[in-house]
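What follows is the residue order along each chain.
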Amino acid sequence: MALSIETETWPYRYLRALSGVAAHFSALALTISVGVVARPGSSLFSWHPFLMSMAFSFFMTEALLVFSPESSVLRSFSRKVKVRLHWAAQLSALLLAALGLAIISYNKYLNDKPHFATWHGLLGLLTVVYAACQSLGGVTLLYPKLITRWSLSKRKMYHGTSGLVGYLLGCTSLLLGMCSLWFTAAVTGVFWYLAALCPIVTGLVVMNQVSNAYLYRKRSQ
């Protein structure tokens with residue numbers, strides 16, 4: 001049974017706030033680390049890991065954490081401002097991911113390599129397509145009159161829970177990318193494990209946030 005805000009103990013609230021800080025740090029640290037390793041601009045391929053980490057590790061994480069009651073950097077702002085920032089960050093993530101996908105596809109074409117021949121490639125393609133569909137679904141929340149079949153509260157729940165699925169797909173795709181020959185050749189030892197820990201931390205924090213916001217609340221009603 002989920003704890004309500006009134007019945008949460010202070011250690012539990014403190015732990016959730018601390019985990020939020022860890023998620024912000026992990027999202028930024030992984031993006032910077034991949035940028036340092038990839039050195040974007042050094043080759044055409046170098047833009048792919050950098051753009052994908054920017055999309056799924058930084059922008060998408062921040063787009064979701066903006067609604068966290070404990071770890072949002074905009075806790076004092078209105079819901080309307082948070083929604084607008086969420087949309088801006090999500091759109092940035094989608095555009096960067098689409099560009100990263102286009103670059104790796106073109107790079108494989110230039111080098112006469114097969115497209116989407118690995119689990120990382122297949123899941124990455126699925127994640128970008130899913131993110132695009134998820135963003136289209138979010139339009140119905142900005143303009144509720146587009147769909148009247150379900151109530152606004154139900155659509156928010158569906159959007160939040162399906163968004164969690166998309167985010168976890170992105171985290172898994174990042175993890176698979178860290179298992180690639182390029183990344184394992186550049187990052188070894190404890191640094192590889194620290195890098196792999198970043199999407200795991202952010203994934204768990206976002207999962208807890210969405211679960212508390214929608215799944216647990218619905219179950220307790």
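- Per an unreviewed UniProt entry, the protein chain is named ascorbate ferrireductase (transmembrane), and its organism is Pleurodeles waltl.
- As recorded by UniProt, the Cofactor (unreviewed entry) comment attached to the protein chain reads in full: "heme b".
- UniProt lists a comment for the protein chain under the heading Subcellular location (unreviewed entry), and it reads "Membrane".

**Thoughts on the nonpolar core**
Part 1 of the argument: In terms of nonpolar packing, the biggest core is built from 35 residues, with Leu30, Phe56, Met178, Phe183 and Val206 touching the most fellow members.
Part 2 of the argument: Listing elements by their share of this core, those giving two or more residues are helix 1 (10-38), helix 2 (47-65), helix 3 (79-110), helix 4 (119-142), helix 5 (152-178) and helix 7 (190-220).
Part 3 of the argument: With eight residues, helix 7 is the largest single contributor of residues to this core.
Part 4 of the argument: Apart from the residues lying within four places of it in its own chain, the contact partners of Leu30 are Ser57, Leu174, Met178, Ala195, Cys198 and Pro199.

**Let's talk about the packing of aromatic side chains**
Part 1 of the argument: On inspection of all chains with the given rule, the structure shows six aromatic pairs.
Part 2 of the argument: Centroid distance Tyr106 to Tyr109: 6.3 Å. Interplanar angle 25 degrees. Geometry classified as stacked. One end of the pair is Tyr106 and the other is Tyr109, both in helix 3 and three residues apart, which spans about a single turn.
Part 3 of the argument: The class for Tyr106 is partly exposed, based on a relative accessible area of 45%.
Part 4 of the argument: Geometrically, the ring pair formed by Trp192 and Tyr193 is edge-to-face, given 5.3 Å between the ring centres and 85 degrees between the ring planes.
Part 5 of the argument: Residue class for Tyr193 comes out exposed when judged on its relative accessible area of 60%.
Part 6 of the argument: Aromatic rings pair up to connect Phe45, Trp182 and Phe183 into one cluster.

**Observations concerning unusual backbone geometry**
Negative phi characterises most residues that are not glycine, and trans characterises most peptide bonds.
Part 1 of the argument: Even without being a glycine, Arg39 presents a positive backbone phi close to 50 degrees.
Part 2 of the argument: Mapped onto the elements, Arg39 comes out in the loop between helix 1 and helix 2.
Part 3 of the argument: For Asp112, which is not a glycine, the phi torsion comes out positive at approximately 55 degrees.

**A word on the UniProt feature "transmembrane region" (unreviewed entry) in the protein chain**
Part 1 of the argument: Following the UniProt record, one finds the feature "transmembrane region" (unreviewed entry) at residues 21-38, 50-67, 87-106, 118-143, 164-185 and 191-215.
Part 2 of the argument: The distance separating the terminal C-alpha atoms of residues 21-38 is 26 Å; by composition the span is 100% helix and 0% strand.
Part 3 of the argument: Helix makes up 100% of residues 87-106 and strand makes up 0%, while its end C-alpha atoms are separated by 28 Å.

**Regarding the packing of helix 3 against helix 4**
Part 1 of the argument: With their axes 10 Å apart at the nearest point, helix 3 and helix 4 run at an angle of 155 degrees to one another. Viewed along their axes, helix 3 and helix 4 adopt a mutual orientation that is roughly antiparallel. Between helix 3 and helix 4 lies a crossing of left-handed hand. Contacts between helix 3 and helix 4 involve Val83, Arg84, Trp87, Leu94, Ala97, Ala98 and Leu101 from the former and Leu125, Val128, Ala131, Ala132, Ser135, Gly138, Val139 and Leu142 from the latter.

**Focus on the side chain of Ser72**
Part 1 of the argument: As for its position among the elements, Ser72 is in the loop between helix 2 and helix 3.
Part 2 of the argument: Reaching out from Ser72, the side chain makes a polar contact with the backbone nitrogen of Leu74 at a distance of 3.1 Å.
Part 3 of the argument: With residues near it in sequence (within four places) discarded, Ser72 still touches Leu65, Val66 and Lys82.

**Examining the environment of Ser162**
Part 1 of the argument: As for its placement among the helices and strands, Ser162 is situated in helix 5.
Part 2 of the argument: Ser162 gets classed as partly exposed once you look at its relative accessible area, which sits at 22%.
Part 3 of the argument: Distance from Ser162 to Gly137, taken between C-alpha atoms, is 9.8 Å for residues 25 residues apart in sequence.

**Things to note about the confidence of the model for the protein chain**
Part 1 of the argument: Averaged over all residues, the pLDDT of the protein chain is 89; the fraction at 70 or higher stands at 93%.
Part 2 of the argument: Mean pLDDT across the elements of the protein chain ranges from a minimum in helix 7, with 85, to a maximum in helix 2, with 97.

**Side note on the side chain of Thr202**
Part 1 of the argument: Along the chain, Thr202 turns up in helix 7.
Part 2 of the argument: Judged by relative accessible area, which is 4%, Thr202 ranks as buried.
Part 3 of the argument: Looking at Thr202, its side chain comes within polar contact range of the side chain of Tyr167, at 3.0 Å.

Definitions and cut-offs
Sequence positions are assigned chain by chain, starting from 1 and proceeding in written order. The predicted origin of the model limits local features to residues at a pLDDT of at least 70 and limits the giving and counting of side-chain atom pairs to 80 or more, whereas totals for whole chains, interfaces and linings rest on all residues. To obtain the side-chain values, all non-hydrogen atoms of the structure were included, while hydrogens and water were left out. UniProt positions are given in the numbering used here, feature names are shortened, and annotations may be inferred rather than shown by experiment. Remark: nonpolar core denotes a set of buried residues (Ala, Val, Leu, Ile, Met, Phe, Trp, Tyr, Cys) joined through side-chain atoms within 4.5 Å. Burial here depends on accessible area, computed with a 1.4 Å probe over protein chains only, as a share of the maximum for the residue type. Under 20% is buried, over 50% is exposed, and the range in between is partly exposed. Starting at the N terminus, helices and strands are each numbered in turn, a helix being any DSSP run of H or I of at least four residues and a strand any DSSP run of E of at least two. Whether two residues are in contact is decided by their heavy atoms: any pair within 4.5 Å suffices. Aromatic contacts are taken between Phe, Tyr and Trp rings whose centres are within 6.5 Å, Trp giving its six-membered ring; a plane angle under 30 degrees counts as stacked, one over 60 as edge-to-face, and the others as tilted. An axis is simply a line fitted to the C-alpha atoms; with a helix, the fit covers only the stretch in contact. Between two such axes, the angle follows the N-to-C directions and lies from 0 to 180 degrees. Comment on the angle field: the value is read as roughly parallel under 35 degrees, roughly antiparallel over 145, roughly perpendicular from 65 to 115, and oblique elsewhere. A clockwise turn of the near helix away from the far one marks a right-handed crossing, whereas an anticlockwise turn of less than a right angle marks a left-handed crossing. Under this definition, polar contacts are N or O atom pairs within 3.5 Å; protein pairs additionally need one hydrogen-donor-capable and one acceptor-capable atom, and for neighbouring residues in sequence, both atoms have to be side-chain atoms. pLDDT gives the predictor's per-residue confidence on a scale running from 0 to 100.

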